[in-house]
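In case you want the letters, here they are:
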Amino acid sequence: MRAHPLAGPENRLIPGLTAWVAAALSAEYAWLHARSTEALYGAICGDGPLAHCAACYAAPILALAGAGLLAPEGLKALRAVAGSGR
């Protein structure tokens, strides 16, 4: 039986970093959308009758998903560093 090409920590590293990049792009889009909405209507999205855009919801969800995917690998690295200092 052959091992999967991404059998190592890449299984979580690649999607985790991808989720963080998507979160950063969503946050940038949400910021730009809020600024343009303020210029047009005098209020940012989510304020008053204006609804939040999809990017407002996607940015924190993607950031949490990325953190959830990267946390186990980060903990392994911390344990390895802490174990080598003994």
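### Comments concerning the overall build of the protein
Within the protein one finds two helices and zero strands. Residues counted as buried form 17% of the 86 residues belonging to the protein. In the protein, the share of contacts with a sequence separation of at least 24, taken over all contacts with a separation of at least 6, comes to 62%. As displayed, the protein has an accessible area near 6,300 Å², and 68% of this comes from carbon and sulfur atoms.

### Observations regarding the environment of Ala65
Residue placement: Ala65 occurs in helix α2 (residues 54-84). Take Ala65: its relative accessible area is 36%, and that puts it in the partly exposed class. Distance from Ala65 to Thr18, taken between C-alpha atoms, is 10.0 Å for residues 47 residues apart in sequence.

### Quick word on α2
In a regular helix each residue adds 1.5 Å, so 31 residues correspond to 45 Å; α2 covers 45 Å between its end C-alpha atoms and thus fits that length. Of all the bends found along α2, the most pronounced is centred on Leu70 and spans about 40 degrees, while Pro72, a proline, follows it within four residues. Among the residues of α2, Ala55, Ala59, Gly66, Leu70 and Glu73 are the ones counted as buried.

Definitions and cut-offs
Residues numbered from 1 in each chain as written. Predicted model: local features only at pLDDT ≥ 70, side-chain atom pairs only at ≥ 80, totals over all residues. Heavy atoms only, no water. Helix = DSSP H or I, 4+ residues; strand = E, 2+ residues; numbered from the N terminus. Buried < 20%, exposed > 50% of the residue type's maximum accessible area, 1.4 Å probe, protein only. Contact = heavy atoms within 4.5 Å. Areas by Shrake-Rupley, 256 points an atom, 1.4 Å probe, with all protein chains shown as cover. Expected span 1.5 Å × (residues − 1). Bend = angle between axes of the 7 residues up to and from the residue.

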